[in-house]
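Structural characterization, general
Listed here are the chains, written in short residue letters.
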Amino acid sequence: NFINYEFQRIITAGMVFIIFYLINVNFTFSNSTQLGIAIYASFNENIMSIYQKVGQKPDFIQIDLVDDTVYKNADTVNLGVFDEINKYWPDKFVELHLMSLNPEEWINKLEKVGLNGVDLIIFHEDIKNILDVFKSIKKNYKDMMFGIFYFNTTGISKIKKYAEYCDQITVMGISKLGFSGQEFSEKTYSTIKKIDNLSNRKNFILEVDGGVNSSNYFKLKVDKIVSGSSVLLSKNAKKTILEFKNF
């Protein structure tokens with residue numbers, strides 16, 4: 001009887017351990033935030049150097065295409081960056097942050113250099129006829145995901161208006177578009193909270209882009225975060241990525 005009791009006790013303890021282990025694994029992975037690296041579509045970017053720093057550690061790659069319609073001092077756009085990114089990260093999810101008020105112009109140009117390598121396009125909140133752009137994307141690129149990026153000062157009523165069309169909503173963590181290294185804006189937190197309370201929140205991905213660093217990444221309860229200089233200028237970029245992802 002004593003042997004049977006001890007055997008049952010060991011079996012029970014083992015089962016309890018397995019159950020709690022599975023719960024912990026599921027909780028950890030279901031609550032993990034994805035981290036992407038921002039790379040500018042610019043002749044100033046050294047893609048090989050970035051790859052040597054981060055390797056395959058990022059969950060996804062974000063290409064920032066900026067023109068002078070949103071930032072007057074924007075660098076000349078280098079569409080060759082798209083091929084380089086597909087070369088170094090062929091299996092990574094790629095999102096295009098299209099910082100332009102003339103998105104159709106760039107989409108037409110990108111068709112010639114491999115828009116097929118892009119999984120998601122994020123459009124500026126102030127482009128004209130945004131619903132027409134949405135319909136065009138869904139018609140011509142059936143598998144392409146559609147997103148809109150908003151300033152952290154944008155009212156929730158405007159965000160709510162187009163939320164049903166979005167696969168992703170991106171909130172800018174910085175005040176100005178077009179260049180990296182800016183400080184994080186505290187206004188971002190309240191905007192995130194309001195978006196998180198939308199009735200259809202589960203239907204779209206929520207991302208914060210810009211200003212993410214070692215002092216705020218753990219406060220951002222979102223699906224995805226995008227970082228540039230905070231990771232790339234750190235002493236150990238791969239270690240920083242893992243730190244940001246596993247808080």
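Here, the structure is the one placed above.
None of the values given here were measured: they were computed from a predicted structure. (Residues numbered from 1 in each chain as written. Predicted model: local features only at pLDDT ≥ 70, side-chain atom pairs only at ≥ 80, totals over all residues. Heavy atoms only, no water.)

What to know about the environment of isoleucine 39
As for its position among the elements, isoleucine 39 is in strand β1 (residues 34-40). Beyond its immediate chain neighbours, meaning those up to four positions away, isoleucine 39 contacts Glu45, Ile47, Ile50, Ile61, Gln62, Ile63, Asp64, Val81, Ile85 and Trp89. (Helix = DSSP H or I, 4+ residues; strand = E, 2+ residues; numbered from the N terminus. Contact = heavy atoms within 4.5 Å.)

Side note on the packing of aromatic side chains
Evaluation of the coordinates by the stated rule reveals 9 aromatic pairs. Summarising the aromatic geometry, the rings of phenylalanine 184 and tyrosine 189 are spaced 5.2 Å apart at their centres and angled 55 degrees between planes, so their arrangement reads as tilted. Among the residues examined, phenylalanine 184 registers a relative accessible area of 11% and is labelled buried. Assessed through its relative accessible area of 22%, tyrosine 189 is described here as partly exposed. Site record: aromatic cluster; members linked through ring pairs are Phe123, Phe134, Phe146 and Tyr165. If you follow lysine 109 out to its NZ or CZ, it ends over the ring of tryptophan 106, 4.5 Å from the centre. A cation over a ring is seen here: lysine 224 above phenylalanine 60, with NZ or CZ 4.2 Å from the ring centre. (Phe/Tyr/Trp six-rings, centres within 6.5 Å; stacked < 30°, edge-to-face > 60°. Buried < 20%, exposed > 50% of the residue type's maximum accessible area, 1.4 Å probe, protein only. Lys NZ or Arg CZ within 6 Å of the ring centre and 35° of its normal.)

Re helix α4 (residues 103-110)
Taken residue by residue, α4 has Pro103, Trp106, Ile107 and Leu110 as its buried positions. An end-on view of α4 places all buried positions within 100 degrees of arc, on one side of the element. Buried positions along α4 lie against β2 (60-66), α3 (80-88), β3 (93-99), β4 (120-124) and α5 (130-140). (Arc of directions from axis to C-beta.)

Overview of the sheet that holds strand β8 (residues 224-227)
The 8 strands are arranged β1-β2-β3-β4-β5-β6-β7-β8 in a closed barrel whose pairing can be described as parallel. This sheet shows a mean twist of 25 degrees between the axes of neighbouring strands, independent of strand direction. Note: strand β5 (residues 145-150) against strand β6 (residues 168-172), 4 bridges, orientation parallel. Paired with isoleucine 148 across the bridge in β6 is isoleucine 169. (Pairing = 2+ DSSP bridges. Axes fitted to C-alpha atoms, helices over the stretch in contact; angles between N-to-C directions.)

Structural measurements only, silent on function.
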